[in-house]
Amino acid sequence: MKQKKFLLPESEIPTAWLNIQAIMPNKPLPFLHPATKQPLKSQDLYPIFCKACSDQELNQKDVWIPIPEKVREEYASYRCTPLVRAYELEKALGTPAHIYFKNESVSPAGSHKLNSALAQAYYAHEEGITNLTTETGAGQWGGALSYATKKFGIDCAVYMVKVSYEQKPYRRSIMQTFGAAITPSPSMSTRAGKDILTKNPNDKGSLGCAISEAIELAVTTPGCKYALGSVLNHVCLHQTVIGLEAEKQMALAGEYPDIVIGCFGGGSNFSGISFPFMRHNILEGKKTRFIAAEPASCPKLTKGKFLYDFGDEAGKTPLLPMFTLGHDFKPSSIHAGGLRYHGAGVILSQLMKDGFMEAVDIDQLESFESGVLFARSEGIIPAPESCHAIAATIREALKCKETGEAKTILFNLSGHGFVDMSAYDSYFSGEMQNYSVTDEDLVRFRESTEALNR
Ligand SMILES: *Cc1c(COP(=O)(O)O)cnc(C)c1O
C-alpha cells in the first residue's frame, strides 16, 4: 500500500516559530503614526495589543521565537496536522505532478486560525489581561479566538459584521458555544459604529468597521486588548508552525516542494505554509515558487498598489506599507468565498515587491469547481477560501500534464467548509456568478489612500 498520510509525533511539534523578518534582505518599511507620520515603536502598540505580540510585530532581529510550553501543549490537542499526498486528485486530473496538502482543517476551530488565537490568548493571560476583543467577518477567527480565550480563562467580545451575523447563524452559535459575547457591527456601543449608523441606519457592516469598533473597545476599556486573526506580522509568525511541520513531513515523504500554494486573505495561512520553505530560497538560493491564490473580486496582490494605508475603514490603525486596494474598498456582496480584506500583510507585501512570491487571482466559479473535485477525490469538503488554493494547485498540476513534468506541489488546506454549505448551495443552484473588479472601481476605491501617500 502506498503511504498517503505523513504525521509527526507530539515531540516533533515545533519549539520555535520562524520570524522571517530577521532574514529578509529588505526589511519591511516602518509602520507610521496616522497623525504624525512618524515611525512606530512597539511601545506605541501596547495600548492596543498585548506586549508580547507588539514586540513580535516589530521584531526584525530574532530568527527563532520560542513557542511557550503551554501553547505547545494546546497545539498538541490537534497538531501535528496531517500532510497528505492527494493521489486521488492526481488521478482525477491525470497529472504526473505529486500533489500534497497540509490539512489545517482538523483543528477544533476547523481552520488554521487557532494557531495564532492560542498564542495571543496565552500572552494576554500572562500579562494579566482579562478580556480580548476582536472582529470577525465570516466567523472563523471569532470561533478560533472564542475557543482559545476559553482555554486560558479570558473573556472574549466579538464584533461580527452584521451581514454575516444575520446570514451565518451557525458561526455565531459556534462562538456562543465556546462562550464568547457577540455584537453585530456596526453597533451603537462605540463611536465608530454610531458614526456609521447615523449616516446609514441600515448599514450591514464591513470587516473594516468591525475592526474599528473592536479597537475602540480595547483602548477605552481597562484590562482589555485587541486581537487580530490575519494580516499582522505576529499572526504570520504564529502560523509558521504549519510550514515547519510540513518541511519535516515532506522529508518523511522523501520530497521537497517545487511549488508552495496558499489562499490569500490577509496572508496568514499563506505565510504559515510558505515562510519555512522560503527561508531556504532566501538563505540557500533554493528555487521553490510560492503562489498566493486570491479571489478575482478582491485582488490586492495582482491589482492593488504598494502604498501606505490604514488597516481599517475608519482610519484608526497605524499606516501600514502594503499592497492594497484602498481602505475604502468594498468587495462585491455576490462574492461568497471569503478572503475579502483590502490589503496584504506588511511582510508579504515586501516579499511580493522583492519577487520572492507570486500571486494569481481566481474566479469564484473556478474556485468552487476545484473545491468540489477535491471533495469528491479526497473526501474533505474545503472552506471556500481554501478552494482558491486548490484551484491554483489544479492549474499548476494541469501545466505539468502538458509538459510531462512531475513537479511536487504543496498547498495548505486552510480549513473545512462544513459551516459554509450555503455557499456551496449557491454554486450548485447556478446562482453563483463570477465577478471581477473594474478598473474604474480600482481607481475610485484607491483615491483616498493615494491622497494619504502624497
Ligand atoms: C481566515 C481564513 C483564511 C484567510 O486568511 P489568511 O490570513 O489569508 O490566511 C483562509 N482560509 C480559512 C479557512 C480562513 O478561516
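Anything mentioned here points back to the structure above.
Note that the structure is predicted; figures quoted are calculated from it, not measured.

Student: Explain helix H5 (residues 114–126) to me, please; I cannot follow it from the model alone.
Tutor: Structurally, the α-helix is built with 3.6 residues per turn, so residues lying three or four positions apart point the same way. A rise of 1.5 Å per residue sets the reference length of H5, with its 13 residues, at 18 Å; its end C-alpha atoms lie 18 Å apart and thus fit the reference within 8%. Burial analysis of H5 places 11 of its 13 residues in the buried class, which makes it a mostly covered element. Within H5, burial applies to Leu114, Asn115, Ser116, Ala117, Leu118, Ala119, Gln120, Ala121, Tyr122, Tyr123 and Ala124. Note on H5: the residue one or two positions beyond its end, Gly128, has a positive phi of about 80°.

Student: It is not clear to me how the site of the ligand should be interpreted in this structure. Could you clarify?
Tutor: Near the ligand there are 17 residues, and of these Lys113, Ser230, Gly265, Ser268 and Ser414 occur at the shortest range. In the model, an oxygen atom of the ligand is placed 2.9 Å from a nitrogen or oxygen of the Gly267 main chain. Look at the ligand: alone it shows 380 Å² of surface, and the protein chains cover 95% of it.

Student: Just checking my understanding: could you explain the side chain of Asp441 for this structure?
Tutor: Its location among the elements puts Asp441 in helix H19 (residues 439–452). Polar side-chain contacts of Asp441 include one of 2.7 Å to the side chain of Arg444.

Student: I would appreciate a short explanation of unusual backbone geometry in the present structure.
Tutor: Peptide bonds are, in most cases, trans, and in most cases residues other than glycine have a negative phi. A cis geometry characterises the amide bond from Arg79 onward to Cys80, with omega recorded as -5°. Counting through the fold element by element, Cys80 comes out in the loop between helix H3 (69–75) and strand E4 (83–85). That bond from Ser185 to Pro186 is cis: its omega, 5°, falls within 30 degrees of zero. Its place among the elements puts Pro186 in the loop between strand E8 (181–185) and helix H9 (191–199). The backbone of Lys37 shows a phi angle near 60°, a positive value even though the residue is not glycine. Mapped onto the fold, Lys37 is located in the loop between strand E2 (16–18) and helix H1 (42–45).

Student: Sorry if this is basic, but what is going on with the layout of surface pockets here?
Tutor: Remark: the empty space left among the atoms is shown by a probe the size of a water molecule rolled over them. One number sums up the size of the second largest pocket: a volume of about 220 Å³. Around the second largest pocket, the lining residues are Ala192, Asp195, Ile196, Lys199, Asn200, Asp203, Glu313, Ala314, Lys316, Asp328 and Lys330. Partitioned by chemical class, the residues of the lining of the second largest pocket number 3 nonpolar, 1 polar and 7 charged.

Student: Just to check I follow, could you spell out the side chain of Ser105 for this structure?
Tutor: Structurally, the position occupied by Ser105 is in the loop between strand E5 (98–103) and H5. You can call Ser105 buried: its relative accessible area is 9%. Not counting residues within four places of it along the chain, the set of residues in contact with Ser105 comprises Gly110, Ser111, Ile380, Leu413, Ser414, Gly415 and His416.

Student: Any chance you could explain the nonpolar core here in plain terms?
Tutor: When a protein is soluble and globular, its nonpolar side chains tend to lie buried together. Core analysis: the largest hydrophobic core is formed by 70 residues, its most contacted members being Trp17, Tyr75, Leu114, Phe275, Leu301, Met357 and Leu410. Here the element with the most residues in this core is H5; it accounts for 8 residues. Each residue touching Phe275, except ones within four places of it in the same chain, is listed here: Leu18, Ile20, Cys236, Thr240, Ile347, Leu348 and Leu351. Of all hydrophobic cores here, the second largest spans 26 residues; its members include Ile362, Ala389, Cys400 and Ile409.

Student: What am I meant to see in the sheet that holds strand E7 (residues 155–161) here?
Tutor: The strands making up a sheet associate through backbone hydrogen bonding, with each pair oriented either parallel or antiparallel. Strand order in the open sheet made by the 4 strands is E8-E7-E6-E9, with parallel pairing throughout. This sheet does not close on itself; its edge strands, each paired only once, are E8 and strand E9 (224–226). Neighbour-to-neighbour, the strand axes of the sheet open up by a mean angle of 25°, direction not taken into account. Sheet topology note: the strand E6 (residues 131–136)/E9 ladder contains 3 bridges and is parallel. In the strand pairing of E9, Leu132 is matched with Lys225.

Student: Would you take a moment to explain empty space enclosed by the protein for this structure?
Tutor: Per the counting criterion, the structure on display carries 3 cavities of 30 Å³ or more. What the largest cavity holds in volume is close to 150 Å³. Along the walls of the largest cavity sit 15 residues, with Phe49, Leu228, Leu232, Thr317 and Leu320 positioned nearest its centre. When the residues that make up the lining of the largest cavity are grouped by side-chain class, the tally is 13 nonpolar, 2 polar and no charged. Computed from the structure, the second largest cavity encloses a volume of approximately 60 Å³. Taken together, Leu18, Asn19, Ile20, Gln21, Gln56, Ile65, Asn233, Cys236, Leu237, Thr240, Phe275 and Ile347 form the lining of the second largest cavity. Here the element with the most residues in the lining of the second largest cavity is helix H11 (residues 233–238); it accounts for 3 residues. By residue class, the composition of the lining of the second largest cavity is 7 nonpolar, 5 polar and no charged.

Conventions and cut-offs
Residues numbered from 1 in each chain as written. Predicted model: local features only at pLDDT ≥ 70, side-chain atom pairs only at ≥ 80, totals over all residues. Heavy atoms only, no water. Helix = DSSP H or I, 4+ residues; strand = E, 2+ residues; numbered from the N terminus. Expected span 1.5 Å × (residues − 1). Buried < 20%, exposed > 50% of the residue type's maximum accessible area, 1.4 Å probe, protein only. Near = heavy atom within 4 Å. Polar contact = N/O pair within 3.5 Å; in protein donor to acceptor, adjacent residues only side chain to side chain. Areas by Shrake-Rupley, 256 points an atom, 1.4 Å probe, with all protein chains shown as cover. 1 Å grid on protein atoms, 1.4 Å probe; cavity = no way out; pocket = protein on both sides within 12 Å on 5 of 7 lines; lining within 4 Å. Points joined across faces, edges and corners; volume = space filled by probe spheres on them. Nonpolar A, V, L, I, M, F, W, Y, C, P; charged D, E, K, R; others polar. Contact = heavy atoms within 4.5 Å. Core = buried A, V, L, I, M, F, W, Y, C linked by side-chain atoms within 4.5 Å. Pairing = 2+ DSSP bridges. Axes fitted to C-alpha atoms, helices over the stretch in contact; angles between N-to-C directions.

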